[in-house]
Amino acid sequence: MAMTSGTWITTTEAAQRLGVKRATLYAYVSRGLLRSERRPGQQESLFDRAQIDAMASATRPPGGPQPVLRFRSIATSVSSQTEGDLLYRGHPLSEVVALGSLEEAAAIVLGSTVVQGVPITDPVVPAGVDLSSLPLERRMPVAVQLLAAADPFASDTDPARVRAAAVPTLRAALTLLAGGQGQPDLAALALAALGGSLSARADVAALRVLLVALLDHGLTASTVAARVTASTRAGLHDCLCAAYAAMAGPLHGAAPVAAHALLTDGVDPAVLVARSLRERGAVAGFGHFLYPGGDPRADVVLEALWRRRGTTRLRRRVEGLAALVAERTGALPNIDLASAAVLHALGLPAESGEVVFQVARTVGVAAHVAEEYAEEPLRWRGRDPQG
């Protein structure tokens, strides 16, 4: 049987799309519910993606698009969490951080082999635009929409070109946030956009590690929002703004804002922790259901931050807070606390946490959008179980 590119998927992806174990998948084959193919040199069996998606569909509502997928059947190769570690396309986070530049890390997340060789025109950065009167966390969405308005090809949905356009789009948006001042280094440009000082290379280095740690985290709320938008074949800019809207929630992209207050110098952390536990039953910046043994992103970011000079007092506050929360709840620091610590070290306000999240996830969201463009359109549709 001839293999058509883009039609056949591996056993691993097929199991992910169905939300079952590999053994269950093979049982379906033995019972004749699915068919699989093998190719010489291929370690895994291959499955017809259309057949897998049809099985993943519950029932098709009258007049509804085909296939209509359960959310559990959505699979992604952008990032994964395995044995307490975060991997970008199979590369451990620590390995990607060690690359030394945000641009190289972004290429991994986007799929460097796809991006290479794809011609792309740098976005036109509108002149004379001043976003400084807007709240800091509102500037990225506005900047991206301004870029869309100036780009006649903003609706392009070619996956390869979208991957290639991701970093130039991010750079152009950050240039607008930075008041038009450019920086060859993407992390330095991000710091300028946040209003930070570029005189200390250590600040750029600390922010770079944080950005790399936040590039992607799988099918999160904002990623799903972007993928739903991409399934309608909206362009990248609109998909990014859909993601930014989801990030605005205090339980997602704005979570570092609450954690920032816990590290305020001169404030008794016990009072803040007690209040948080009383009002919310949890402490911002601690605990993650995917990492019961500790968030690897927090470990990587804090380790890099403590190498920066002048962080001794901050480190004591972080470690004291962590000890207090561990004693009371058993929860360990997560990426939100690490993000808040970096902001304190760099002298940036609490709302910068959401902007850092927006900046970093722009790369991951673009990778997911490109992935979604390769799927059937309009495949995201809820179904009323009573209907």
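1. Let's talk about the overall build of the chain
Looking only at helices and strands, the chain has 18 helices and 6 strands in total. Residues classed as buried in the chain amount to 49% of the 387 residues present. Considering only contacts within the chain whose residues lie at least 6 apart along the sequence, 70% involve residues at least 24 apart. When the accessible surface of the chain is split by element, carbon and sulfur atoms take 53% of a total near 17,700 Å².

2. Notes on the pairing of strand 5 (residues 85-88)
When strand 4 (residues 79-82) meets strand 5, the two strands line up antiparallel, connected through 4 bridges. By the bridge assignment, Thr82 is partnered in strand 5 with Asp85. Of the strand pairs in this sheet, strand 5 and strand 6 (residues 91-92) are connected by 2 bridges, and their pairing is antiparallel. When the sheet's bridge partners are listed, Tyr88 is paired in strand 6 with His91. Taking the residues between adjacent antiparallel strands as the criterion, strand 5 and strand 6 are bridged by 2 residues, where Arg89 takes a positive phi near 50 degrees.

3. Points about the pattern of salt bridges
Using the criterion set out here, one finds 15 salt bridges in the structure. Arg35 serves as the salt-bridge partner of Asp48, at 3.4 Å between the closest nitrogen and oxygen. Of this pair, Asp48 sits in strand 3 (residues 46-48) while Arg35 is found in the loop between helix 2 (22-30) and strand 2 (36-37), placing the two residues 13 residues apart along the sequence. Here Asp265 and Arg317 are joined by a salt bridge, their closest N and O atoms 3.6 Å apart. One end of the pair, Asp265, is in the loop between helix 13 (255-262) and helix 14 (269-280); the other, Arg317, is in helix 16 (residues 312-329), and 52 residues separate them in sequence. One network of salt bridges, with partners in common, ties together Arg49, Arg227, Glu371, Glu372, Glu375 and Arg379.

4. Some thoughts on the packing of helix 7 (residues 139-149) against helix 8 (residues 159-177)
As a packed pair, helix 7 and helix 8 sit with axes 9 Å apart at the nearest point and diverge in direction by 115 degrees. Helix-helix and strand crossings are classified by hand; for helix 7 and helix 8 the assignment is right-handed. Between helix 7 and helix 8, the contacting residues are Arg139, Met140, Ala143, Val144, Leu146 and Leu147 on the first element and Thr169, Leu170, Ala172, Ala173, Leu174, Leu176 and Leu177 on the second. Its residues assigned to classes, the contact of helix 7 with helix 8 comprises 11 nonpolar, 1 polar and 1 charged.

5. Digging into the environment of Leu134
Tracing the sequence through the fold places Leu134 in the loop between helix 6 (112-115) and helix 7. Non-local contacts of Leu134, meaning those with residues more than four positions away in its chain, are made with Arg139 and Val142.

6. Some remarks on the sheet that holds strand 5
Judged by pairing direction, the sheet is antiparallel, and its 3 strands sit side by side in the order 4-5-6 without closing on themselves. Where the open sheet ends on each side, the last strands, each with one partner, are strand 4 and strand 6.

7. Looking at the sheet that holds strand 3
An order of 1-3-2 is seen for the 3 strands of this open sheet, with the pairing classed as antiparallel. Both outer strands of the open sheet, strand 1 (8-10) and strand 2, are each paired with one neighbouring strand and no more. Bridging between strand 1 and strand 3 involves 3 bridges; their strand directions are antiparallel. Looking at the pairing, Trp8 lines up with Asp48 of strand 3. Packing against the sheet, helix 1 (residues 11-18) makes contact with strand 1 and strand 3, and its axis sits at approximately 90 degrees to strand 1.

8. Description of the confidence of the model for the chain
Looking at the chain as a whole, its pLDDT mean stands at 88, while 90% of the residues score no less than 70. By mean pLDDT, helix 6 is the weakest element of the chain at 54, and helix 12 (residues 236-247) is the strongest at 98. Taken together, the stretch residues 1-5 has pLDDT below 50 and engages in 8 contacts with residues farther than four places along the chain or on a different chain.

9. Points about empty space enclosed by the protein
In total, this model carries 1 cavity of 30 Å³ or more according to the counting rule given. Every residue along the wall of the largest cavity is listed here: Ala190, Leu194, Leu207, Leu211, Val355, Val356 and Val359. Listed by contribution, the elements that provide at least two residues to the lining of the largest cavity are helix 10 (201-213) and helix 18 (352-373). It is helix 18 that contributes the most residues to the lining of the largest cavity, 3 residues altogether. Grouping the amino acids of the lining of the largest cavity by side-chain chemistry returns 7 nonpolar, no polar and no charged.

10. Quick notes on the packing of helix 15 (residues 296-305) against helix 17 (residues 335-346)
The contact between helix 15 and helix 17 brings their axes to 8 Å, and the two run at 20 degrees. Comparing their axes, helix 17 and helix 15 come out roughly parallel. In this structure, helix 15 meets helix 17 at a crossing whose hand is left-handed. Mapping the contact onto sequence places Arg297, Ala298, Val301, Leu302 and Leu305 in helix 15 and Ile335, Ala338, Ala341, Val342 and Ala345 in helix 17. Class assignment for the residues of the contact of helix 15 with helix 17 results in 9 nonpolar, no polar and 1 charged.

How each quantity is defined
- Residues numbered from 1 in each chain as written.
- Predicted model: local features only at pLDDT ≥ 70, side-chain atom pairs only at ≥ 80, totals over all residues.
- Heavy atoms only, no water.
- Helix = DSSP H or I, 4+ residues; strand = E, 2+ residues; numbered from the N terminus.
- Buried < 20%, exposed > 50% of the residue type's maximum accessible area, 1.4 Å probe, protein only.
- Contact = heavy atoms within 4.5 Å.
- Areas by Shrake-Rupley, 256 points an atom, 1.4 Å probe, with all protein chains shown as cover.
- Pairing = 2+ DSSP bridges.
- Salt bridge = Lys/Arg side-chain N within 4 Å of Asp/Glu carboxyl O.
- Axes fitted to C-alpha atoms, helices over the stretch in contact; angles between N-to-C directions.
- Left-handed = near helix turned anticlockwise from the far one by under 90°.
- Nonpolar A, V, L, I, M, F, W, Y, C, P; charged D, E, K, R; others polar.
- pLDDT = per-residue confidence, 0-100.
- 1 Å grid on protein atoms, 1.4 Å probe; cavity = no way out; pocket = protein on both sides within 12 Å on 5 of 7 lines; lining within 4 Å.
- Points joined across faces, edges and corners; volume = space filled by probe spheres on them.
- Parallel < 35°, antiparallel > 145°, perpendicular 65-115°, else oblique.

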